[in-house]
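Here are the chains, one letter per residue:
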Amino acid sequence: MSAPAHQFLFALDLSDRAHFDEMVAEVARNVLGHVGYAHDTTADLVALLHAALVERAAHASRPCRVQFSADAGQLQIVVSSGGGQEWRTRRALP
């Protein structure tokens with residue numbers, strides 16, 4: 001019997017990214033760990049997410065959204081802010 005496929009959508013709307021850096025990192029580590037990524041993959045993805053948040057904050061004054069979604073064997077992380085260019089990454093689920 002195989003394990004059930006992960007399928008979810010989880011999003012955070014951040015009014016001030018700077019005040020929530022550690023919270024977003026902790027949420028990301030928990031989401032990534034929950035679906036079964038290894039520690040090194042989780043650390044890499046959290047670092048990429050942090051860089052995307054820093055870049056979006058530098059170019060936008062509006063709230064920022066961080067979205068994690070899993071479907072069809074893929075995890076996608078999206079960072080968007082104020083209608084500007086989105087940052088995305090996609091990885092196969094473990």
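Residues numbered from 1 in each chain as written. Predicted model: local features only at pLDDT ≥ 70, side-chain atom pairs only at ≥ 80, totals over all residues. Heavy atoms only, no water.

J.: Explanation requested: the nonpolar core in the structure shown.
T.: In globular proteins that are soluble, nonpolar side chains generally tend to be buried together. Judged by nonpolar contacts, the single largest core of 24 residues is most densely connected at L49, L53, F68 and V79. Those elements that provide at least two residues to this core are β1 (8–14), α1 (21–35), α2 (39–59), β2 (64–71) and β3 (74–81). Per element, the largest residue contribution to this core is 7 residues, and it comes from α1. (Core = buried A, V, L, I, M, F, W, Y, C linked by side-chain atoms within 4.5 Å. Buried < 20%, exposed > 50% of the residue type's maximum accessible area, 1.4 Å probe, protein only. Helix = DSSP H or I, 4+ residues; strand = E, 2+ residues; numbered from the N terminus.)

J.: I tried to follow the sheet that holds β2 on my own but got confused; where do I start?
T.: Remark on secondary structure: sheet strands pair via backbone hydrogen bonds, oriented parallel or antiparallel. The strand order across the open sheet built from 4 strands is β1-β2-β3-β4, with neighbouring strands paired in antiparallel fashion. Of all the strands in the sheet, just β1 and β4 (87–92) have a single pairing partner and so form its edges. When strand polarity is set aside, the average angle formed by the axes of neighbouring strands in this sheet is 10 degrees. Pairing geometry for β2 and β3, over 8 bridges, is antiparallel. Looking at β3, one finds that F68 is bridged to I77. Strands in contact with α1 are β1, β2 and β3; relative to β1, the strand with the most contacts, it is inclined by about 175 degrees. (Pairing = 2+ DSSP bridges. Axes fitted to C-alpha atoms, helices over the stretch in contact; angles between N-to-C directions. Contact = heavy atoms within 4.5 Å.)

J.: When you look at the packing of aromatic side chains in this model, what are you seeing that I'm missing?
T.: Note on aromatic pairs: each is described by the distance of the centres and the angle between the planes. Under the defined criterion, the tally for this structure stands at 1 aromatic pair. Residues F10 and F68 carry aromatic rings whose centres are separated by 6.4 Å and whose planes lie at 40 degrees to one another, so their mutual orientation is tilted. With F10 in strand β1 and F68 in strand β2, the pair connects residues that are 58 residues apart, well separated along the chain. Classification of F10 as partly exposed rests on a relative accessible area of 35%. (Phe/Tyr/Trp six-rings, centres within 6.5 Å; stacked < 30°, edge-to-face > 60°.)

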